[in-house]
Protein chains: 2
Amino acid sequence: MKHRIPLFIATLAFGAVGAVAQQALWDRQPVVSPQIGHNGRTTFNIFAPAADSVALTGDCVPPSMAEFNGNTFAVPRMLPLVKADNGVWSVTVDSLAPELYSYNFIVDGVKITDPANVYALRDISSVTNCFIVPGGNADLYSVHDVPHGTVAKVWYHTDTIGADRRMTVYTPAGYESDRAKRYPVLYLLHGMGGDENAWSELGRATQILDNMIAAGTVEPMIVVMTNGNVDMPAAPGESHLGLTPPTTDLPRTMDGTFESHFPEVVAFTDGNYRTIPDKAHRAIAGLSMGGFHSMHISKQYPDMFDYIGLFSAAILPRDPAASEVYSDLDGKLARQFAEAPALYWIAIGRDDFLYNANTAYRAMLDAKGYPYTYVESDGGHIWRNWRNYLTEFLPLLFR
Amino acid sequence: MKHRIPLFIATLAFGAVGAVAQQALWDRQPVVSPQIGHNGRTTFNIFAPAADSVALTGDCVPPSMAEFNGNTFAVPRMLPLVKADNGVWSVTVDSLAPELYSYNFIVDGVKITDPANVYALRDISSVTNCFIVPGGNADLYSVHDVPHGTVAKVWYHTDTIGADRRMTVYTPAGYESDRAKRYPVLYLLHGMGGDENAWSELGRATQILDNMIAAGTVEPMIVVMTNGNVDMPAAPGESHLGLTPPTTDLPRTMDGTFESHFPEVVAFTDGNYRTIPDKAHRAIAGLSMGGFHSMHISKQYPDMFDYIGLFSAAILPRDPAASEVYSDLDGKLARQFAEAPALYWIAIGRDDFLYNANTAYRAMLDAKGYPYTYVESDGGHIWRNWRNYLTEFLPLLFR
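Residues numbered from 1 in each chain as written. Chains lettered and ligands numbered in written order. Predicted model: local features only at pLDDT ≥ 70, side-chain atom pairs only at ≥ 80, totals over all residues.

### Brief notes about the overall build of chain A
Basically, it comes down to this: Where helices and strands are cited, they refer to DSSP runs of H or I of at least four residues and of E of at least two residues respectively, numbered from the N terminus. To sort residues by burial, count the other C-beta atoms lying within 10 Å of each one's C-beta; a count of 20 or more means buried, 12 or fewer means exposed, and anything in between means partly exposed. C-beta atoms are built from the backbone. Once C-beta atoms are placed from the backbone, any two residues with those atoms within 7 Å are in contact.
Secondary structure assignment for chain A yields 9 helices and 18 strands. Here chain A, with 399 residues, has 50% of them falling under the buried criterion. In chain A, the share of contacts with a sequence separation of at least 24, taken over all contacts with a separation of at least 6, comes to 70%.

### Focus: the sheet that holds strand 6 (residues 88-93) of chain A
One key point about sheets: their strands pair by backbone hydrogen bonds, in either a parallel or an antiparallel sense. Residues and elements named next belong to chain A. Selection rule: By definition, two strands form a pair when at least two bridges between them are found by DSSP.
Read from one edge of the open sheet, 4 strands run 1-2-6-5, paired in antiparallel fashion. Whereas interior strands pair on both sides, the edge strands pair on one side only; in this sheet they are strand 1 (35-36) and strand 5 (82-83). Relative to strand 2 (residues 42-47), strand 1 is paired through 2 bridges, and the arrangement is antiparallel. Following the sheet pairing, I36 is matched in strand 2 by T42.

### A word on the domain arrangement of chain A
All names here are of chain A. Basically, it comes down to this: The split of the chain into domains comes from an automatic or database domain assignment. For this classification, Asp, Glu, Lys and Arg are treated as charged, while Ala, Val, Leu, Ile, Met, Phe, Trp, Tyr, Cys and Pro are nonpolar and the rest, including Gly, are polar.
Structurally, chain A comprises domain 1 (31-133) and domain 2 (150-396). Put simply, the middle of domain 1 and the middle of domain 2, counted by C-alpha atoms, are 32 Å apart. With 6 residues of domain 1 at the interface, the matching set in domain 2 holds 7 residues. Only strand 7 (99-107) and strand 9 (120-123) provide two or more residues apiece to the side of domain 1 that touches domain 2. Its residues assigned to classes, the side of domain 1 that touches domain 2 shows 3 nonpolar, 1 polar and 2 charged.

### A closer look at helix 5 (residues 257-272) of chain A
Residue and element names in this part refer to chain A. Going by this rule: For a helix, the expected span equals 1.5 Å multiplied by the residue count minus one. Each residue is assigned a bend, namely the angle between axes fitted to the seven residues that terminate at it and the seven residues that start at it.
In this model, helix 5 (16 residues) spans 23 Å end to end at C-alpha, consistent with the 22 Å of a helix rising 1.5 Å per residue. When the local axis directions of helix 5 are compared, the greatest deviation, roughly 30°, occurs at P263. Of all the residues in helix 5, the buried ones are F258, E259, S260, H261, F262, V266, F268 and T269. Where helix 5 is buried, its residues meet strand 11 (150-158), strand 13 (185-189), strand 14 (222-225) and helix 6 (289-300).

### With respect to the environment of A:S142
Residues and elements named next belong to chain A. With respect to the helices, strands and loops of the structure, S142 is situated in the loop between strand 10 (126-133) and strand 11. Residue class for S142 comes out partly exposed when judged on the 16 C-beta atoms lying within 10 Å of it. Separated by 62 residues in the primary sequence, S142 and R204 place their C-alpha atoms 8.2 Å from one another. Non-local contacts of S142, meaning those with residues more than four positions away in its chain, are made with I132, P134 and Q207.

### Comments concerning the confidence of the model for chain A
All names here are of chain A. We count it as follows: On a range of 0 to 100, pLDDT expresses the predictor's confidence in each residue.
Put simply, chain A has an average pLDDT of 88, and 88% of its residues get 70 or more. Considering only residues more than four positions removed or in separate chains, one finds that residues 68-74, a stretch of pLDDT under 50, has 8 contacts. With a pTM of 0.91, the predicted complex shows an ipTM of 0.90.

### Here's the deal with the sheet that holds strand 1 (residues 35-36) of chain B
All names here are of chain B. Taken in spatial order, the 4 strands make up an open sheet running 1-2-6-5, and their pairing is antiparallel. Of all strands in the sheet, those bounded by a partner on one side alone are strand 1 and strand 5 (82-83). In the sheet, strand 2 (residues 42-47) pairs with strand 6 (residues 88-93) via 6 bridges, with the strands oriented antiparallel. Residue pairing across strands places T43 opposite T92, the latter belonging to strand 6.

### Section: the packing of helix 6 (residues 289-300) of chain B against helix 7 (residues 329-338) of chain B
All names here are of chain B. Convention followed: Structural elements are reduced to axes, namely lines fitted to C-alpha atoms, with helices fitted over the stretch in contact, and the angle between N-to-C directions of any two is expressed from 0 to 180 degrees. What sets the label is the angle itself: under 35 degrees gives roughly parallel, over 145 gives roughly antiparallel, 65 to 115 gives roughly perpendicular, and the rest give oblique.
Helix 7 packs onto helix 6 with a crossing angle of 75° between their chain directions and a minimal axis gap of 8 Å. Classified by the angle between their axes, helix 6 and helix 7 sit roughly perpendicular to one another. Only K332, L333 and Q336 of helix 7 make contact with helix 6, whose side of the interface consists of S298, K299 and Q300. Residue composition of the contact of helix 6 with helix 7, grouped by class: 1 nonpolar, 3 polar and 2 charged.

### What to know about the pairing of strand 12 (residues 163-171) of chain A
All names here are of chain A. Bridge analysis of strand 11 against strand 12 gives 9 bridges, and the strand direction is antiparallel. Following the sheet pairing, Y156 is matched in strand 12 by R165. Joining the antiparallel neighbours strand 11 and strand 12 is a turn of 4 residues, in which G162 adopts a positive phi near 75°. Bridging between strand 12 and strand 14 involves 3 bridges; their strand directions are antiparallel. Residue pairing across strands places T168 opposite M225, the latter belonging to strand 14.

### Thoughts on the pairing of strand 7 (residues 99-107) of chain B
Residues and elements named next belong to chain B. Burial runs high along strand 7: 8 of the 9 residues are buried. As defined by bridge partners, strand 3 (residues 54-58) adjoins strand 7 across 5 bridges and the pair is classed as antiparallel. Bridge assignment links L56 to a residue of strand 7, and that residue is F105. Note that strand 7 and strand 10 (residues 126-133) share 5 bridges and pair antiparallel.

### Points about the nonpolar core
This is how it is decided: To define a nonpolar core, we join buried Ala, Val, Leu, Ile, Met, Phe, Trp, Tyr and Cys residues through C-beta atoms within 7 Å and take the resulting set.
Within the largest apolar cluster, 183 residues are counted, with the highest numbers of intra-cluster contacts made by A:V223 and B:V223. Excluding its chain neighbours within four sequence positions, the residues that come into contact with A:V223 are A:Y170, A:L186, A:L188, A:A205 and A:L209.

### As for unusual backbone geometry
Cis rather than trans, the peptide bond between A:S33 and A:P34 has omega equal to -10°. When you line up the elements, A:P34 lands in the loop between helix 2 (19-26) and strand 1. Here the phi dihedral of B:S312 falls at roughly 50°; this positive angle occurs in a residue that is not glycine. In this fold, B:S312 is placed in the loop between strand 16 (307-311) and helix 7. The phi dihedral of B:F398 is positive, around 60°, even though this residue is not glycine. Here B:F398 is to be found in the segment after helix 9 (383-393). Look at B:F398 and you get buried, because 22 C-beta atoms sit within 10 Å.

Shown next as structure tokens:
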């Protein structure tokens, strides 16, 4: 900024605004990217006259178009861009379905964000650009001119962990203006590698809530998004641990500690927000590891949550002996289902690597006659599914 | 994430954690960058075996080291990296003073963020990586293990503009736990091209406040950071206007409308937070255009603010006839200084292009005998100065 603003403000203060200064101020790229046309036709552009090769990678590259070697884990889908005489490389993907997509460019072997698209999200240690092809559920992921809730980064103390930790708290539109009204609470938990920012950013939870509450399809509620990594007080860069994400050791995600400290999260929430502090007005849901946490927390504290959502959930702990939390699965489920929760909602994609684990878990619930709702979707262990699951789960809560 | 998480969680659910999966999960770069050593020695690394050239650009490149052509506006400072046999390009800068720095790489002519550093901030249309060389004031910019305030994105309605608009609100640690205590308020305004995120992100205002309040050098206060672009309800991507930053037209920043709507901001704040709602407990300050706004708002509403801070402020409007707000400068200043503010604080760098405008304004205040405090610093129109000014200004408030 410091190289660019001064010239521009100078023209403001002392004369007309020049086009050159304008470009300098905004550091505008000579291309627009991505360009989203009709029927999901999307063109990606980058000005890179000196590059030898440019490729697109991301979930917007259909497998049939990609240089695809069949290994979905090790090799991302890639699509080459073609260079024009003006130094702009481009590629067009047709017929993208309505969805939030993420992508990067690979320029001469280096994975980069799109210089023309400032909208990027961090997912663990990767930063990817995002765009939305409108229509269908994807319209719930965009910001519309509707009443907006407040999104706050809030620190709470836990004696169990012995730390101050950060959570993201959504309070619905109207929370500040009507001081008498009390609200139910959804605790919404991220997956492995995520943090307290994951659901509000990659998950578009705040946009989904704003839009569905405005449409009247979802009850106004408070949503608390915690950090499930016990040794990380907050997302990378947001705590005294600094910027570096964890490397070789996981920050204690599945040793029972997070589950054991959860009553402190609920007490903090009930103590600091206008909640309806009873089981009938509490829900807990999460994706992947967050589904694992939701399952184990809800059976550990059977009087706490009446609505439970397992989105592509991991089920069994790595080490069942790691914590008392993981002991006596049968007995704890029996206590939880002695008076069945208002909703026990399980969703998973047919291609999810956790599909079989969820099938086995459902068979166990079936054998005991414990009621649950089951949703099976296309696809695997991906944010597209978790956003969709959230839009299906929310209307079922607190009704 | 979707290509990487599954394999990893599979190992978690069913067996030992493999080193390969670990690398896959974190998408870890084969280098660490930047590496910050003793005495500000900082090494930048990028793995780019197929690249033909890599350069470093940013405020961490000392002019004497840069390929510098003397035009600070048009040509950013650049420093070439050198490629090793392993495909890693590197360069070391010695003796960086304690500070928050920002940088990018330029790979084969394309300006990119550092793939090994997920910490990046958007400044208008540019995304740059950041790092902090510790020591001195820079320690105030880091997150420490001290009580943290809450940082909220809040929407308010304004009839003057006819829109819902977003602000960033900082409430100090303890705000939630002691429900009786009331606080003074600082309104902190961004510069041209900025938005409601600028001070909390580039300006490190929330870290500065947490650290200085914890040290007892600053009074606990609420800080309200508005969006000064009248036609932008929120930062790019955060409103229904979508992702694209403004191009040819400025979003109505200096036509008097923002100043005229400010009493609604104050009324919303006093109505929704536990403020001390009087002049003696209100401050307003801003950088550049935000200093301009602070000057014009505080004289337009002389009973509203007792503490005023002009950081590298623009002074005179482009078009004095654009609004009644800009009329009768002499008369309005006379009313504002009839009972002099508790603090009227002017700071500017000797290299700032607005230095002469501020000198002229001070001469005018001197001629009238209006008291103010003046701080002159090194440097120009840069965030380094604005962060420093904030650390100097805050301890003077509400004492």
